[in-house]
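This is what each chain is made of:
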Amino acid sequence: MLEAHHLVKRFYGTAVVDDVSVALRPGEVIGYLGPNGSGKTTTVRMLTGLIEPSSGSVTYRGTPIGDDLVEFRRHLGYVPEEPHLYPFLSGREYLELVGRLRELPEALLRDKIPAMLGSLGIHDAAEQSISSYSKGMKQKVLICAALLHDPDVVIFDEPESGLDVGTVLVLRHLVRALAARGKAILYSSHILESVEKVCETVIVLHRGRVAADASVQHLRTVMARGSLEEVFSELVLNEDPERTAAGLAALVSAQ
Amino acid sequence: MAASRTARRLLRNHFLQRFLDNDLISPNADRHEVLVLLAAALAVPGLVITVLILGQKYVIGIPTPGLTSIAALDDKFLYISASMLVMALMAAVQWDALALDERDTAILGPLPLEAREIGRAKLAALAMFVAVFAVTLNGVPSVVFPLLTVSHFHVNILALVRMIVVHAAVTMGAGAYAFLAVLLLREVLRLVLGPHWFGRVAAMVQAALVIALGTTLLLLPALASNVPARWLLRDDVLRTVPPAWFLGLYEAGTGEVTLTIRGLGLRIPAGLVVAERQARLLYDSLLPRFSELATVGGIMLPATACAALALFVWNNRRLPLPRVSRQRAPGRARSQAAQLIAAAVVPSPVPRAGFFFTLQTLARSVQHRIAIAGACAIAIAAAILLMHGIRAIASPAAAPIRLLALQTVVMTIVLVGVRQALAIPAELRANWTFAMAWNGDVHPFVVGVKRAVVAGVVLPVLSATFALHVYLVGARAALQHGAIGFVLSLIALEWLLRPERLPLTSSARPPGNLKALAPIYVMLLFVVAYNVGRLEQWALRGGMASFAILMGGLILTYAAARLSGLHRRLSGGQSRNPLLARIEFDDLPDTPTQRLGLGEPV
């Protein structure tokens, strides 16, 4: 459905994303893993058309997304990493803005917005201005905004950031339920447990390049590791985390 | 534990930087660039007025001491008032940054700093801001103006230095007084209303202050003429005219020099002997008044400073807690009424998005509110000038053209302000929302924006002018005039809101060669307004038939403007999809390196 072929993005001559290919298919959830600065968000921004790749292409149903970005985005839901919203709007007003820009019928918005906000537990805060929201509340508004128009492709970039435990569990079930309804989903996250529970396939990114691209089960088997966390450590961590932590603790105590 | 000197300096610098983060045109722009522009904007008007206008007046025009001392009163009043108004205006614009707020709590709260230390650093930053601002504003005139006023007389260097010091001290003191008065108002409101109500009222007070101060500043040249008769001889001057207090201080400080110059025995040209004698008599008669005014000024400045500082310290004795705005959901009846109105005014989704987003942004965003308040100030000043001397009108047909032109002038100025406000992004970093949900066609969104401007700006302005015209020319003529104003507003909107950039999302860019174009546009506005006024005068004299002809012509003009826009849209590529490439949904501001193309990804 949504495919990226050999994506490369260079900033000031340095490749931040180097030869990354992804294929999102209906009903599939792909986990996108990598340490900080590995190029996850840059890839996501290229997939959504917010930035153009230096080379490579992104196609939606076989057509480059740049040919008709508007049409592509009609089918795309996107939860960005940073919850930048209009602070002077209330949660309801923000979702109404998004819904109206997406040309959704007013009656649908009237029913859907309170119901979605209620499902995520912020119905009481729907009339408060977003400037007073916590990070988790903003994240919930972003999730509602991304799903308001029933998209075919959903890209989550660190969706669990700031969410409480209960909502994280709801989100994981929601992702699986959406996949069951035929949505193609990319789930970019730092939280290995979530990716392990939600995704069938994972792509591990390290310094802009794909370090692994396989099913979670396959990675565990091939690398003879019991969990995705151990697989991830093996693939992308150069130093022993315990030793790094000990060094850091020593630095903290240094006078 | 007391903060170290370094910590205090860092805190003070942090607060100083916050004053510069509030620029209206280019959020997060390069700070040095903003500083240079701000300094130039403050220093240049004083320099131009002093050297180009007053230079001619004193060096060429007034050769005698008595006439100079009286003429200088007007100019001193102008300097003092300008300093006060600009400083007060700056305080009003910086309203939110005048005291500690929730953001300070979030940033500084976790640090091991006492609230008292943070408050002290904020106060130091305020003091430094006021000082730098006052010096930049008044520095050049303080040196040049005294030199000009004594250019014909042999004054010793000590007397000249005294005049320079007094001018600097009085104008800067007056500016500081005005700044402190706004701070005092803010702190009194905060103390009396409490955080919740203060949060609700503050925005309105800020907008009202910007309008009132901006209007007065624009009318200042007129207000600062014939100062002795207009202000100094009034009975209530001691209570109600703060610039006069500082003029009293000025004269108390330099009066001896003025009287010494008289004693130099200069030869008075024969044609000026009488005028010179009268001027000296007038000045002498004002000396006791100067003394009274100086006393009031001498009391009011420290009293205001003490009160403002005491309240500031009290209100900022602890860091403010985050305020949760508890908005209630609109009631059922209100909600249904809003739905009905929205369904009638903006039935389709995208225009509706533009309609509500525009109203919400213009009403709630500080930057947008200040931009519109500034335009309102200019419009009110223009209206007062146009209204000058108009008292009662015998019949609608006798209405002077400038009264009929007033509505067009006011409306156009306000709409230009709205256009400027719409060019400021509502929140640059939230622009991705539009990028992701955009349907590729600017037109429907702009339709919603225009309707919001009609509902939120045009109709309220027309209501205000309508009330004035009912009083002056009667209800029927006012209704006709209002109808014409409404159609003219629609035409102006078509012209001003051409969808080249998406309102409230794309970054404002400096308009092309405004220095050359602005005077042309202003002249054009008055030519159009006066000619429309002349046509209206003809229509009012000719009865309903003439009015119908005029309205028909205007409606046809509006229809032509709409058709022209439609034609441009259909033939110029503003069809649905290709347009996206032309709309810039900036999510980051331009930095100087980006503007030079140095930051482009390779």
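Thresholds, definitions, all that
- Residues numbered from 1 in each chain as written.
- Chains lettered and ligands numbered in written order.
- Predicted model: local features only at pLDDT ≥ 70, side-chain atom pairs only at ≥ 80, totals over all residues.
- Helix = DSSP H or I, 4+ residues; strand = E, 2+ residues; numbered from the N terminus.
- pLDDT = per-residue confidence, 0-100.
- Contact = placed C-beta atoms within 7 Å.
- Pairing = 2+ DSSP bridges.
- Domains from an automatic or database assignment.
- Nonpolar A, V, L, I, M, F, W, Y, C, P; charged D, E, K, R; others polar.
- Axes fitted to C-alpha atoms, helices over the stretch in contact; angles between N-to-C directions.
- Parallel < 35°, antiparallel > 145°, perpendicular 65-115°, else oblique.

Draft legend 1. View of unusual backbone geometry. Residues and elements named next belong to chain A. For Asp-19, which is not glycine, the phi dihedral falls at a positive 60 degrees. Counting through the fold element by element, Asp-19 comes out in strand β2 (residues 14-24). Even without being glycine, Arg-207 reaches a positive phi, approximately 50 degrees. Turning to its location among the elements, Arg-207 is positioned in the loop between β9 (201-206) and β10 (209-215).

Draft legend 2. Inspection of the confidence of the model for chain B at higher detail. Residues and elements named next belong to chain B. Summing up the model confidence of chain B, the mean pLDDT is 83 and the portion of residues at 70 or higher is 88%. Note that residues 573-582 has pLDDT below 50 and, in this model, 18 contacts with residues that lie over four places away or in other chains. Across residues 588-602 the pLDDT falls below 50, and counting only partners more than four positions away or on other chains, this stretch makes 22 contacts in the model. Across the assembled chains, the prediction reports ipTM 0.87 with pTM 0.84.

Draft legend 3. Molecular detail of the pairing of strand β4 (residues 55-60) of chain A. Residues and elements named next belong to chain A. Bridging between strand β1 (residues 2-11) and β4 involves five bridges; their strand directions are antiparallel. Across the sheet, the residue bridging to His-5 is Ser-57, located in β4. In terms of strand pairing, β4 meets strand β5 (residues 63-64) through two bridges, oriented antiparallel. Following the sheet pairing, Tyr-60 is matched in β5 by Thr-63. The hairpin formed by β4 and β5 contains two residues between the paired strands, and Arg-61 there has a positive phi angle of roughly 50 degrees.

Draft legend 4. Molecular detail of the domain arrangement of chain B. Residue and element names in this part refer to chain B. Here the domain parsing of chain B yields domain 1 (5-315) and domain 2 (345-588). Between the C-alpha centres of domain 1 and domain 2 there is a distance of 35 Å. Per-element tally for the side of domain 1 that touches domain 2: the top contributor is helix α6 (residues 157-223), with eight residues. Residue composition of the side of domain 1 that touches domain 2, grouped by class: ten nonpolar, three polar and one charged.

Draft legend 5. Expanded view of the packing of α6 of chain B against helix α9 (residues 242-262) of chain B. Residue and element names in this part refer to chain B. Two elements in contact, α6 and α9, have axes whose closest approach is 10 Å; the angle formed by their N-to-C orientations is 175 degrees. As summarised for this structure, α6 and α9 are arranged roughly antiparallel, according to the angle between their axes. Only Pro-242, Pro-243, Phe-246, Leu-249, Tyr-250, Gly-253, Thr-254, Val-257 and Thr-260 of α9 make contact with α6, whose side of the interface consists of Ala-159, Arg-162, Met-163, Val-166, Val-170, Gly-173, Ala-174 and Tyr-177. Classifying every residue of the contact of α6 with α9 gives twelve nonpolar, four polar and one charged.

Draft legend 6. Structural view of the interface of chain A and chain B. Facing 31 residues of chain A, the contacting portion of chain B comprises 31 residues. By residue number, the principal contributor to the side of chain A that touches chain B is helix α3 (residues 91-101) of chain A, which donates five residues. When grouped by side-chain class, the residues that make up the side of chain A that touches chain B number 16 nonpolar, six polar and nine charged.

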